[in-house]
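# Secondary and tertiary structure notes
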Amino acid sequence: MPHILIFGLGYTTARLAARLRNDGWRVTATRRSATDEAIAFTDTDAVRATIATASHILSSVPPGDDGADPVLAAYGADIVTSPARWIGYLSATGVYGDTGGAWVDETAPIGHGRRGARADADMAWSNLRDDVRIFRLPGIYGPGRSAIDRLIDGRARRIDLPGQVFSRVHVDDIVSGVIAGFDGPAGAYNLSDDLPCSQNRVIEAASALSGLPLPPLQSLEEAQLSPMGRAFYSENRRIANGKAKRVLKWTPQFPTYREGLARIAMTMPATDSNAPTTASVDQR
C-alpha cells in the first residue's frame, strides 16, 4: 500500500488526502496541533518515524514569518536520507514576479517578485534531492472559497485596472495534477487553468450565476485595500500550463473559471440577493 506523508493539512491537501484514501492509500498528515486527522508538526518522533516509512512525501507549508521553510528547517535532513521514492512541494506562481501580463512558463527565472521567501523555498526544495516535483500554483478556488462565496459574505471587490490579468486553478485540478505527478519526472510544473483573465470577469460571472448584485467598480485608492491586497494587484502575468499537460498528461477538469464556478453554483444553497456588496479583499 502506498503511504504519503503530507506536511500541512489544509484546504487543498485535505481534498488530496480524501482522494488518496478513497483510492486505497495510507495517508499521514501534519498540522500545527494534533487532531483526529493529523499529527502535530512538532511531534518529532512521530514525524520522523513516518518520514522513515512513507513512500511519498508532500509539503504544502509556506515559508514562516522569518522567511525560512519550516519543514526543511526541522526535517530537511531526514527527508534527504528517507527511502521515499517521490517528493513534492506546493509552491506558488508568485515566484515569477511581474511579467507585465505576458505569458510565463517553467523555464523563466524565479526570485524577482514580491515572494522572495517563497522563491527561496522553491529553490531549496528543488535542490534537496533529484526526485522532487515542484507544483507552482496561482490563485486557488473551489467550494467554500470562490468568487460566489465572496459575493455572499460581502468580500468581493471589483478594481478598475484595465489590462490586469491573473491565473487561477480549481482545487480539484491541483489534486489531479499532483496525482499525475506521481508517475511523472522530477521538475517544476505550473498547474493553472487555460484562461487567465481579470478578477472582475470572474466576479461578474459569479454574480450572473448566483443572482447577487455586483460590487461597485473602484480604484485601488477607493478600495482601501490592505498592504497584502495592494501587493496582489502589483503583479500582472499569465501562467502557461503546457508542460504539465504534455509531460504529466494532466487535463484540467475545469479549464476555465466558467466551468469551475458553474460546478460550485450547482452545489450551493440559494443565495440572498440583498447580501452586502463591499468588504475587505480576499486574494484567494
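Note that the coordinates shown come from a computational prediction; the quantities given were computed from them, not determined experimentally.

## Quick look at the overall build of the protein chain
- Within the protein chain, the secondary structure is distributed over eleven helices and 13 strands.
- Taking 19 Å as the expected radius of gyration for a compact globule of 284 residues, we find that the protein chain reaches 19 Å, a close match to that expectation.
- Burial statistics for the protein chain: of 284 residues in total, 51% are counted as buried.
- Accessible area for the protein chain stands at about 12,500 Å²; split by element, carbon and sulfur atoms hold 51% of it.

## Quick word on the layout of surface pockets
- Of the voids in this model, the largest pocket is the one considered here, and its volume is about 750 Å³.
- Taken together, 27 residues make up the lining of the largest pocket; nearest its centre are Gly8, Ser60, Val61, Pro62 and Arg118.
- A class-by-class count of the residues in the lining of the largest pocket yields eleven nonpolar, nine polar and seven charged.

## A closer look at the sheet that holds strand S1 (residues 3-7)
- With respect to topology, seven strands assemble into an open sheet ordered S3-S2-S1-S4-S5-S7-S11, the strand pairing being parallel. Strands with a single pairing partner mark the edges of an open sheet, and in this sheet they are strand S3 (39-40) and strand S11 (187-190).
- Pairing of S1 with strand S2 (residues 26-31) involves five bridges; the strand directions are parallel. Note on S2: the bridge partner recorded for Leu5 is Thr28.
- Against the sheet, helix H1 (residues 11-22) engages S1, S2, strand S4 (56-59) and strand S5 (86-92), with an angle of about 170 degrees to S1.
- The sheet contacts of helix H2 (residues 44-51) involve S1, S2, S3 and S4, and relative to S1 the element is tilted by about 135 degrees.

## A look at the environment of Tyr75
- Along the chain, Tyr75 turns up in helix H3 (residues 70-80).
- Between the C-alpha atoms of Tyr75 and Gly139, which are 64 residues apart in sequence, the distance is 28 Å.
- Within the structure, Tyr75 has its side chain in polar contact with the backbone oxygen of Phe41 (distance 2.6 Å).

## Notes on the side chain of His3
- Looking at the element boundaries, His3 is found in strand S1.
- A distance of 2.8 Å separates polar atoms of two side chains, one belonging to His3 and the other to Thr28.

## Focus on the pattern of salt bridges
- Taken as a whole and assessed by the stated rule, the structure comprises ten salt bridges.
- Note that Arg31 and Glu37 form a salt bridge whose closest N and O atoms lie 3.7 Å from each other.
- Overall, the relative accessible area of 28% leaves Arg31 in the partly exposed class.
- A salt bridge links Asp122 to Arg136, with the nearest nitrogen and oxygen atoms 2.9 Å apart. One end of the pair, Asp122, is in helix H4 (residues 116-126); the other, Arg136, is in strand S7 (residues 132-137), and 14 residues separate them in sequence. Here Asp122 matches Arg136 in class, with each residue buried.

## Thoughts on the environment of Val247
- Within the secondary structure, Val247 sits in helix H10 (residues 242-248).
- Its relative accessible area of 30% is what places Val247 among the partly exposed residues.
- Along the primary structure Val247 and Gly184 are separated by 63 residues, whereas in three dimensions their C-alpha atoms are 6.9 Å apart.
- When near neighbours in sequence (up to four residues on either side) are disregarded, Val247 contacts Pro185 and Tyr189.

## Observations concerning helix H6 (residues 171-181)
- Counting buried residues along H6, nine of its eleven residues qualify, which places the element largely inside the surrounding structure.
- Looking only at H6, the buried set comprises Val171, Asp173, Ile174, Val175, Gly177, Val178, Ile179, Ala180 and Gly181.

## Remarks on unusual backbone geometry
- Look at Gln224: it is not a glycine, yet its phi comes out positive at around 50 degrees.
- Mapped onto the secondary structure, Gln224 falls in the loop between helix H8 (220-223) and helix H9 (227-232).
- By relative accessible area, Gln224 is classed as exposed at 71%.
- Here Lys249, not a glycine, exhibits a phi torsion of approximately 60 degrees, which is positive.
- Relative to the helices and strands, Lys249 is located in the loop between H10 and helix H11 (257-267).

Rules of the game
- Residues numbered from 1 in each chain as written.
- Predicted model: local features only at pLDDT ≥ 70, side-chain atom pairs only at ≥ 80, totals over all residues.
- Heavy atoms only, no water.
- Helix = DSSP H or I, 4+ residues; strand = E, 2+ residues; numbered from the N terminus.
- Rg over C-alpha atoms; globule rule 2.2 N^0.38 Å.
- Buried < 20%, exposed > 50% of the residue type's maximum accessible area, 1.4 Å probe, protein only.
- Areas by Shrake-Rupley, 256 points an atom, 1.4 Å probe, with all protein chains shown as cover.
- 1 Å grid on protein atoms, 1.4 Å probe; cavity = no way out; pocket = protein on both sides within 12 Å on 5 of 7 lines; lining within 4 Å.
- Points joined across faces, edges and corners; volume = space filled by probe spheres on them.
- Nonpolar A, V, L, I, M, F, W, Y, C, P; charged D, E, K, R; others polar.
- Pairing = 2+ DSSP bridges.
- Contact = heavy atoms within 4.5 Å.
- Axes fitted to C-alpha atoms, helices over the stretch in contact; angles between N-to-C directions.
- Polar contact = N/O pair within 3.5 Å; in protein donor to acceptor, adjacent residues only side chain to side chain.
- Salt bridge = Lys/Arg side-chain N within 4 Å of Asp/Glu carboxyl O.

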